[in-house]
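As a plain string of letters, each chain reads:
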Amino acid sequence: MQVNREESVKKVVVLGTGGTIAGRAQSVTDEIGYTAGVVPVADLLAGLSLPAGLVAEHEQVAQTDSKDMTLAIWQRLGQRVAHHLARPEVAGMVITHGTDTLEETAWFLHQVLAPTKPVVLTCAMRPATALMPDGPQNLNDALRVAADGRIGGVVVVCAGRLHAAQDVTKVHTWRLDAFGSGDAGPLGVIEAGELRLFRQSVPGRADPGLWARVQGVRALPRVELVFSHADAQGHLVRSLLAAPGGDIPPLRGLVVAGTGNGTVHTALAEALEEAQAQGVVVWRGTRCALGRPVTSGRSGGDWPLAEPSVIKARLSLALALL
Ligand code: ASP
């Protein structure tokens, strides 16, 4: 049978944003005192040998430590992702990213672009200069997932596991396998370069106007995250409510990470009620690593549920308030 060479080639675009995967240290044994976001994405790809039929293009979108992620970088990244996904010859995309806010960038792209082609974020826990860096394996796996053809939407590849944008969370400070998918578990594993898929991810629901609104602002509506805990008070919430000075935008939303089943200390709940009475939108989630609030948990109002995590819900609320 005649094979159409054009069709048998899978093109994947790799966007570099920085992170430890692009980190450089003074010595090969230094896995902590390095600078993230230094090595160009071109160099990360240069060391890989891609399987036949897989072609990778690359573009440097940012070069940052992801702890310092900004809306401006998200906007640029979203534009480049949208641009490349619209190219019919592009099968999927890979984004190299720091681990610290990777779940937020994945959630951002899932919410605003809700792509059907695969957008695979990947990362590393050791800098590129380490004696045994984990980045090359993760990048290699991510490229194969992006070209696999069985998976779509925003996903994350780290340490041989594939996670959905809605489930993925950084769960460990230094382990190479730093991400988990909570109760849902990973979507699959990458075994010797082959994806073994357990289940499909839930596709995002694109709000047609959202991406345009996100592109048109210089800042997202201000939404802050507060925690309930033993001996909690309302002072923090009340000071957040105080009229901000200078160019600090007014508070628009609050996500409270409740205890256990989303319960909120009575003293904090009173302040949250005051905030709500002043027009601030309050959402309630849990500070527990696993599970979600399953009742109204009322010792702190029947506020809407902050899902899938309080971190991601903070972003969802900011987007909802746009
Ligand atoms: N601080 C780094 C970052 O998020 C950590 C990492 O990539 O592992 O960019």
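Preceding block: the structure.
Residues numbered from 1 in each chain as written. Predicted model: local features only at pLDDT ≥ 70, side-chain atom pairs only at ≥ 80, totals over all residues. Heavy atoms only, no water.

A. Representation of the sheet that holds strand 12 (residues 251-258) in the model. As summarised here, the arrangement of the three strands in space is 11-12-13, forming an open sheet in which the pairing is parallel. The open sheet has two edge strands with one neighbour each: strand 11 (222-227) and strand 13 (281-286). Within the sheet, the average angular offset between the axes of one strand and its neighbour, ignoring direction, is 20°. For strand 12 and strand 13, the ladder comprises six bridges, and the chain directions are parallel. The residue of strand 13 that forms the bridge with V256 is R284. Strands strand 11, strand 12 and strand 13 of the sheet are contacted by helix 8 (residues 266-277), whose axis makes an angle of about 155° with strand 12. (Pairing = 2+ DSSP bridges. Helix = DSSP H or I, 4+ residues; strand = E, 2+ residues; numbered from the N terminus. Axes fitted to C-alpha atoms, helices over the stretch in contact; angles between N-to-C directions. Contact = heavy atoms within 4.5 Å.)

B. Quick peek at helix 4 (residues 102-112). Where burial is concerned, most of helix 4 is hidden: 11 out of the 11 residues are buried. Considered for burial, the residues of helix 4 that qualify are L102, E103, E104, T105, A106, W107, F108, L109, H110, Q111 and V112. Immediately downstream of helix 4, the backbone of A114 shows phi near 40°, a positive value. (Buried < 20%, exposed > 50% of the residue type's maximum accessible area, 1.4 Å probe, protein only.)

C. Here's a closer look at the pairing of strand 2 (residues 54-64). Pairing between strand 1 (residues 10-18) and strand 2: eight bridges, direction parallel. Each bridged residue has a counterpart across the sheet, and for K10 the counterpart in strand 2 is L54. Traced from strand 1 through helix 2 (residues 41-46) to strand 2, the parallel crossover comes out right-handed. (Right-handed = clockwise from strand over helix to strand, strands pointing away.)

D. Inspection of the environment of G216 at higher detail. The topology assignment puts G216 in the loop between helix 6 (210-215) and strand 11. Along the sequence, G216 and Q75 sit 141 residues apart, while their C-alpha atoms lie 9.3 Å from each other.

E. A look at the site of the ligand. If you check the shell around the ligand, you find G19, T20, D65, S66, G98, T99, D100 and A124 and nothing else. Contact between the ligand and T20: an oxygen atom at 2.9 Å from a side-chain N or O atom of the residue. Interatomic distance of 2.7 Å between a side-chain N/O atom of D65 and a nitrogen atom of the ligand. Contact with the protein chains hides 93% of the accessible area of the ligand, taken as 270 Å² for the molecule alone. Of the residues belonging to the shell around the ligand, the class tally is one nonpolar, five polar and two charged. (Near = heavy atom within 4 Å. Polar contact = N/O pair within 3.5 Å; in protein donor to acceptor, adjacent residues only side chain to side chain. Areas by Shrake-Rupley, 256 points an atom, 1.4 Å probe, with all protein chains shown as cover. Nonpolar A, V, L, I, M, F, W, Y, C, P; charged D, E, K, R; others polar.)

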